[in-house]
Amino acid sequence: MNKIDVVLGLQWGDEGKGKIADFLTPKYQIIARFQGGPNAGHSLKFNGQTHVLNTIPSGIFHAGCTNIIGNGVVVDPVKIKAEIERVENAGANVKTNLIFSRKAHIILPTHRLLDAASENAKGDDKIGSTLRGIGPTYRDKIGRNGLRLGDILSADFEKKYTGIREEHLNLVNFLGYKDFDMQVLEQEFFEACEYLKQFRFADTEYLVNSSLKDQKILAEGAQGSMLDIDFGSYPFVTSSNTISGGVCNGLGIAPQHIGRVYGIFKAYCTRVGGGPFPTELHDETGEKLRKKGHEFGATTGRPRRCGWLDLVALKYAIMLSGVNYLIMMKSDVLSEFDEIKVCTSYRVNGVFTSQVPYDLCTEKVEPVYQSFKGWTEDLTACRKKSELPANFLAYIDFLEKELEMPINIISVGPDREQTIID
Ligand code: GDP
Ligand code: IMO
Ligand code: MG
């Protein structure tokens, strides 16, 4: 019996999960998403072209690879219709290679409205949600009020929908949100639901477990550990478990079947949306990171906040998910800085700690930094560790000692080819 391997983001999302899932796909027959929804934006680059995936797993461009959207994912029929059309135009065989769990919950048009209405109502305290309806959909799932993809196929789907719609619209109205045309939203929603009927639906928990007998499966995480609903910087988080534990309930896999846990982190840190970010840089260095790293959201286009690598948060994420294989992304972006800094501990209200405090939002957290000499060499053409500059290797060496594990893959550019395996 094979084990299921997992790819996870260890920071605040956008670590490069899409690139690595696509890079690893040749070793796997099945790629499965287990949480999140179209709030994710996973970029893949090959043959000079960039593709952005939101809900579809990153194995879709490999012929013969099965891609599963697991029960833990929330699916917006309207958004996924557009995404399917996009990847089909790029040559992917979606009808054969994509399977939806019947138990995945549906993002309704009113969930998107509720997201917008509740963010508006929060004013300055807003989460900075992608407004894809993620929070309200998971809220209905937990509140036992949601609709699942399997319901699309049932005769009373419209009746079930109508009851929930009324409840949602009352709430939207109460929150004073008026900026929408329900007729337009519903027309595109029902068209998209009809469209989805041509694709494969299954009770994917059976498929995943039986496939482990003779196939290799990679579970692809979305968002990042610091956005986890339980362990992230609450309430500035997403509404699902982004850590490896999420694989168990998001796909129906028992814990002992989890094998390698690939943890992905950037050589620095970014965050998009609101919430605490201890190592954020509000100066020219932060601006330089954003510019060199093209740090703008793949889904929303928003500028990402940038800062130095945070080892306190990274060690926490490694612990929570039992990461046993590390991958460092965007190493090339750190060239041409005179000095590179890494946060090794926090000073919280004057006391040094190596733990993430209970409430990152209200505690006064000051990062304590260790400095490194920068390097000027361009890394993007390096393909072997021996080609990397000495100052960069010293940085890696320090990180490996601090993290007490090797960094197994170093990414030096967005393309599949720009990947160094130790
Ligand atoms: P994901 O959400 O974790 O899949 O990450 P995103 O796709 O949202 O953001 C990562 C961005 O960095 C994308 O634009 C990738 O093409 C790009 N990228 C990935 N790896 C590297 C790398 O090693 N170097 C550089 N310069 N860009 C990278
Ligand atoms: P990938 O998979 C980065 C952030 C949002 C917001 C918070 C809640 O591409 O790494 P939500 O829409 O879930 O209600 O937003 O989480 N967020 C992400 N940030 N990458 C993502 O996904 C994200 N998905 C959600 O910006 O702060
Ligand atoms: Mg992303």
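Data block above holds the structure.
Residues numbered from 1 in each chain as written. Chains lettered and ligands numbered in written order. Predicted model: local features only at pLDDT ≥ 70, side-chain atom pairs only at ≥ 80, totals over all residues. Heavy atoms only, no water.

Student: I keep staring at the site of ligand 1 and nothing clicks. Help me out?
Tutor: Within the structure, ligand 1 sits among 19 residues, and Gly 16, Lys 17, Ser 43, Asp 332 and Ser 411 are positioned closest to it. One nitrogen or oxygen atom from the main chain of Lys 17 is found 2.7 Å from an oxygen atom belonging to ligand 1. Separating an oxygen atom of ligand 1 from a side-chain N or O atom of Arg 304 is a distance of 3.2 Å. Coverage of ligand 1 by the protein amounts to 90% of the 590 Å² it exposes when considered alone. Taken together, the elements giving at least two residues each to the shell around ligand 1 come down to α1 (17–24) and β3 (42–46). Counting residues per element, the shell around ligand 1 draws most heavily on α1, which supplies three residues. (Near = heavy atom within 4 Å. Polar contact = N/O pair within 3.5 Å; in protein donor to acceptor, adjacent residues only side chain to side chain. Areas by Shrake-Rupley, 256 points an atom, 1.4 Å probe, with all protein chains shown as cover. Helix = DSSP H or I, 4+ residues; strand = E, 2+ residues; numbered from the N terminus.)

Student: Just to check I follow, could you spell out the nonpolar core for this structure?
Tutor: Nonpolar side chains in soluble globular proteins tend to be buried together. One finds Ile 4, Phe 265, Leu 326, Met 328, Leu 334, Tyr 395 and Leu 399 to be the most contacted residues of the largest nonpolar core, which totals 56 residues. The element that contributes the greatest number of residues to this core is helix α12 (residues 390–403), accounting for six residues. Excluding its chain neighbours within four sequence positions, the residues that come into contact with Leu 326 are Leu 10, Gly 263, Phe 265, Ile 318, Leu 403, Met 405, Pro 406, Ile 407, Asn 408 and Ile 409. (Core = buried A, V, L, I, M, F, W, Y, C linked by side-chain atoms within 4.5 Å. Buried < 20%, exposed > 50% of the residue type's maximum accessible area, 1.4 Å probe, protein only. Contact = heavy atoms within 4.5 Å.)

Student: It is not clear to me how the coordination of the magnesium ion (ligand 3) should be interpreted in this structure. Could you clarify?
Tutor: Where a metal carries four tetrahedral donors, each ideal angle is 109.5 degrees; where it carries six octahedral donors, the ideal angles are 90 or 180 degrees. Distances from the magnesium ion (ligand 3) to its protein donors, Asp 14 (OD) and Gly 41 (O), fall at 2.0 to 2.2 Å. With Asp 14 in the loop between β1 (4–9) and α1 and Gly 41 in the loop between β2 (30–33) and β3, this pair connects stretches of sequence that are 27 residues apart. Residue classification places Asp 14 among the partly exposed residues on the basis of a relative accessible area of 21%. (Donors = N, O, S within 2.8 Å, 3.2 Å for Na, K, Ca; no water.)

Student: I tried to follow the pairing of strand β4 (residues 49–53) on my own but got confused; where do I start?
Tutor: Looking along a regular strand, one sees side chains alternate from face to face of the sheet. Of the pairings in the sheet, the one linking β3 to β4 comprises five bridges and is antiparallel in character. Bridge assignment links Lys 45 to a residue of β4, and that residue is Thr 50. Connecting β3 to the next strand, β4, in antiparallel fashion are two residues, including Asn 47 with a positive phi near 45°. (Pairing = 2+ DSSP bridges.)

Student: Sorry, what's going on with the pairing of strand β11 (residues 258–266) here?
Tutor: In terms of burial, β11 is a largely internal element, seven of the nine residues being buried. In terms of strand pairing, β1 meets β11 through five bridges, oriented parallel. Bridge pairing in β11 places Val 7 opposite Tyr 262. Where β11 and strand β15 (residues 325–329) come together, five bridges link them in parallel fashion.

Student: Would you take a moment to explain the pattern of salt bridges for this structure?
Tutor: What the rule picks out here adds up to 22 salt bridges. For Asp 14, the salt bridge is made with Arg 304, and the minimal N-O distance between the two is 3.0 Å. One end of the pair, Asp 14, is in the loop between β1 and α1; the other, Arg 304, is in the loop between α10 (284–292) and β13 (305–307), with 290 residues separating them in the sequence. Arg 304 gets classed as buried once you look at its relative accessible area, which sits at 7%. (Salt bridge = Lys/Arg side-chain N within 4 Å of Asp/Glu carboxyl O.)

Student: In this structure, what is going on with the packing of aromatic side chains? I would like to understand it.
Tutor: The geometry of an aromatic ring pair comes down to the distance between the two centres and the angle between the two planes. This structure, assessed with the given rule, holds 16 aromatic pairs. Judged by centre distance (5.5 Å) and plane angle (25°), the rings of Tyr 161 and Phe 189 are stacked. Of this pair, Tyr 161 sits in helix α6 (residues 157–174) while Phe 189 sits in helix α7 (residues 182–196), and the two are 28 residues apart along the sequence. Taken as a pair, Tyr 161 and Phe 189 share a single burial class, namely buried. In this arrangement the basic side chain of Lys 81 is found over the ring face of Tyr 195, its NZ or CZ atom lying 5.4 Å from the centre. Lys 288 extends its terminal NZ or CZ atom over the ring of Phe 337, reaching a point 4.4 Å from the ring centre. (Phe/Tyr/Trp six-rings, centres within 6.5 Å; stacked < 30°, edge-to-face > 60°. Lys NZ or Arg CZ within 6 Å of the ring centre and 35° of its normal.)

Student: Help me understand the site of ligand 2, please; the structure alone is not making it clear to me.
Tutor: Ligand 2 sits among 20 residues. The nearest are Asp 14, Lys 17, His 42, Thr 130 and Thr 238. Lys 17 places a side-chain nitrogen or oxygen 2.7 Å from an oxygen atom of ligand 2. Asn 39 has a polar side-chain atom sitting 2.9 Å from an oxygen atom of ligand 2. Here ligand 2 loses 98% of its free accessible area of 550 Å² to cover by the protein chains. Considering only residue class, the shell around ligand 2 consists of seven nonpolar, 10 polar and three charged. (Nonpolar A, V, L, I, M, F, W, Y, C, P; charged D, E, K, R; others polar.)

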